[in-house]
Amino acid sequence: MKWPMTALGLLITAAAASAALTPLPPGPPSNPTTPEKVALGRALFFDPILSRDRSVSCASCHDPARAFTVPQAVSPGVGGRLGRRNASTLVNVGDRQALTWAGASPNLEVQAMIPLQDHAELDMTPELLRERLQADPAYAAQFRAAFGEAPSVQNLVRALAAFQRTLISRDSPFDRYRAGDASALNEAQVRGLDLFFDRAECFHCHTGRDFTDGLAHNNAMRVFNPDIGLAERTEQEGDVGRFITPTLRNVALTGPYLHDGSRATLRDLLETYNDGGEPNPNADPLIHPLGLTDAELDDLEAFLHALTDESVARNPAFRPERP
Ligand code: HEC
Ligand code: HEC
């Protein structure tokens, strides 16, 4: 078995302890994680109070039962309005350096302001958020416990970020295999793992312990797409169609796939990769015909299923808790 060291060095994780015992991630110096912030962030994440007509919460598009995604290509916000992109998984999101498909936000605190204000998501204003939370006695008390002051938008995004940093998922069959349990993967999955880290070339971009390099690539899935991806920010022709490599953790639960949710199944996507993608001028040279047989595609798909952490859907810490 070939294990490219660059890819593998980062993959080694301790055998995942039970979720209940996982210590809180420290968070950045500007927003250290505390149990009070996490509890408040959890309540807010599941509460439609954060949307203009009180109909939509963060969890409406980020459902823990599906590793914090939803099965729609594009999920409706307030008034049934549709955005243009597929909701990202939030699992291990505290470790991402560039958030959103185009890498538009540097951290979770900044990121939260996007759905809060987006017309097609929660459609709020900072003033309305502050007024509403200050008028709610339970939240007013909980903000005081977490931050020592009345609800503010700055503390709202800090609490949401603190909660999201706890959404840690590293207890898949793959993790157990890496930790030394040879029986955690079946034979097809082990063959798929070998393909992933070798002939199928997936590891170049889907690397590190969460299977992402955090960089934007054009993986040759589409040619002319109204969503130009990274070029939206850089205005460079060569960045058209480049998107941040998504994590593959829990990928069997997070379909449909790609930034626009245009691929319904993993198999469809794997077949496109095997064909060398749909050529376009910005396609990454790493994407080329792979020459894998149907049986090898079965193995690769079986390996992707071994990245599912069944405990995410069950974890009581990832469920709503009203103050
Ligand atoms: C209407 C659906 C919807 C709602 C409501 C929603 N999101 Fe999202 N979320 C999305 C979509 C779509 C994306 C991808 C956006 C993009 O790439 O431009 C996303 C991306 C994210 C990301 C980036 C993840 C990554 O790895 O890049 C974070 C973090 C996030 N949402 C958190 C939240 C929080 C917190 C809330 C509540 C305040 C929320 N979302 C509400 C649909 C939604
Ligand atoms: C050149 C870098 C690169 C290589 C090589 C690569 N990918 Fe990707 N992959 C990406 C990018 C970028 C996306 C997101 C593209 C988009 O949304 O339009 C993606 C998306 C995916 C998705 C969809 C995930 C989701 O949440 O929507 C899966 C599954 C996937 N890749 C698996 C693989 C497999 C398996 C291989 C090897 C056969 C592979 N990738 C090779 C960069 C790459």
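Numbering of residues begins from 1 in every chain and follows the order in which that chain's sequence is written. Lettering of chains starts at A and numbering of ligands starts at 1, both following the order in which they are written. Per-residue local features of the predicted model are confined to residues with pLDDT of at least 70, and side-chain atom pairs are confined, for both listing and counting, to 80 or more; whole-chain, interface and lining totals are unaffected and use all residues. Side-chain measures were taken over the full set of non-hydrogen atoms in the model, leaving aside hydrogen atoms and water.

So, about the coordination of the iron atom of ligand 1. No protein donor other than His62 (NE2) coordinates the iron atom of ligand 1, and that contact is at 2.1 Å. Secondary structure follows DSSP: runs of H or I at least 4 residues long count as helices, runs of E at least 2 residues long count as strands, and numbering of each begins at the N terminus. Its place among the elements puts histidine 62 in the loop between α3 (58–61) and α4 (108–117). Donor atoms: N, O and S within 2.8 Å of the metal, or within 3.2 Å for Na, K and Ca. Because water is excluded, sites can look incomplete.

Binding of the iron atom of ligand 2 to the protein goes through His206 (NE2) and Tyr273 (OH), at separations of 1.9 to 2.1 Å. In short, tetrahedral needs four donors with all angles between 85 and 135 degrees, square planar needs four and octahedral six donors with opposite donors over 155 degrees apart and all other angles between 65 and 115, and whatever is left is irregular. Geometry at the iron atom of ligand 2 is octahedral, judged from the 6 donor atoms that bind it and their angles of 87 to 180° at the metal. Placement of histidine 206 in the loop between α9 (187–196) and β1 (216–217) and of tyrosine 273 in helix α11 (residues 266–274) is noted, with a sequence separation of 67 residues between them.

So, on to the site of ligand 2. In these notes, residues near a molecule or strand are those with any non-hydrogen atom within 4 Å of it. The immediate surroundings of ligand 2 are formed by 22 residues, with Cys202, Cys205, His206, His259 and Tyr273 found nearest. Side-chain polar atom of histidine 206 to a nitrogen atom of ligand 2: 2.8 Å apart, as the coordinates give it. Residue leucine 258 places a main-chain N or O atom 2.8 Å away from an oxygen atom belonging to ligand 2. A total of 4 residues in the shell around ligand 2 trace back to one element, the largest contributor, which is α11. Under the convention adopted here, Pro, Cys and the residues Ala, Val, Leu, Ile, Met, Phe, Trp and Tyr are nonpolar, Asp, Glu, Lys and Arg are charged, and Gly plus all remaining residues are polar. Residues of the shell around ligand 2, tallied by class, amount to 15 nonpolar, 5 polar and 2 charged. A 3.5 Å cut-off defines polar contacts: any pair of N or O atoms within that distance qualifies, except that in protein one atom must be a possible hydrogen donor and the other a possible acceptor, and neighbouring residues in sequence count only when both atoms are side-chain atoms.

The next point concerns the UniProt feature "binding site: heme c 2" (unreviewed entry) in the protein. UniProt positions are given in the numbering used here, feature names are shortened, and annotations may be inferred rather than shown by experiment. In this structure's numbering, the residues bearing the UniProt feature "binding site: heme c 2" (unreviewed entry) are Cys202, Cys205 and His206. Structurally, cysteine 205 can be placed in the loop between α9 and β1. The class of cysteine 205 is buried, set by a relative accessible area of 12%. Whether two residues are in contact is decided by their heavy atoms, any of which lying within 4.5 Å being enough. If we skip the residues at most four places from it in the chain, cysteine 205 touches Phe211, Thr212, Asp213, His217, Thr245 and Leu286. Relative accessible area decides the class of each residue, using a 1.4 Å probe on protein chains only: under 20% of the type maximum gives buried, over 50% gives exposed, and in between gives partly exposed. Relative accessible area serves as the criterion here: at 9%, histidine 206 is assigned to the buried category. In this structure histidine 206 touches Phe196, Phe211, Thr212, Thr245, Pro246, Leu248 and Tyr273, once residues within four positions along its chain are discounted.

Leu266, Arg267, Leu269, Leu270, Thr272 and Asn274 are the residues of α11 that are buried. At its buried positions, α11 is contacted by α12 (294–305). Once α11 finishes, glycine 276 follows within two positions and takes phi at roughly 90°, a positive value.

We now examine the site of ligand 1. Taken together, 26 residues lie around ligand 1, and Cys58, Cys61, His62, Thr100 and Trp101 are the ones closest in. Arginine 85 is positioned such that a nitrogen or oxygen atom in its side chain is 2.8 Å from an oxygen atom of ligand 1. One of the backbone nitrogen or oxygen atoms of threonine 100 is found 2.6 Å away from an oxygen atom of ligand 1. Elements with a minimum of two residues in the shell around ligand 1: α3, α4 and α7 (153–165). A per-element tally of the shell around ligand 1 places α4 first, with 4 residues.

The next point concerns the side chain of asparagine 274. Along the polypeptide, asparagine 274 turns up in helix α11. Sequence-distant contacts of asparagine 274, defined by excluding residues within four places in its chain, comprise Pro289, Leu290, Gly291, Leu292 and Leu297.

Attention shifts here to the UniProt feature "binding site: heme c 1" (unreviewed entry) in the protein. Per the UniProt record, "binding site: heme c 1" (unreviewed entry) is found at Cys58, Cys61 and His62. Take cysteine 58: it is sitting in helix α3. Residue classification places cysteine 58 among the buried positions, given a relative accessible area of 15%. Taking the relative accessible area as the measure of exposure, histidine 62 reaches 17% and is therefore buried. Setting aside residues up to four positions removed in sequence, histidine 62 forms contacts with Phe45, Phe68, Thr69, Val70, Ala87, Ser88 and Leu90.

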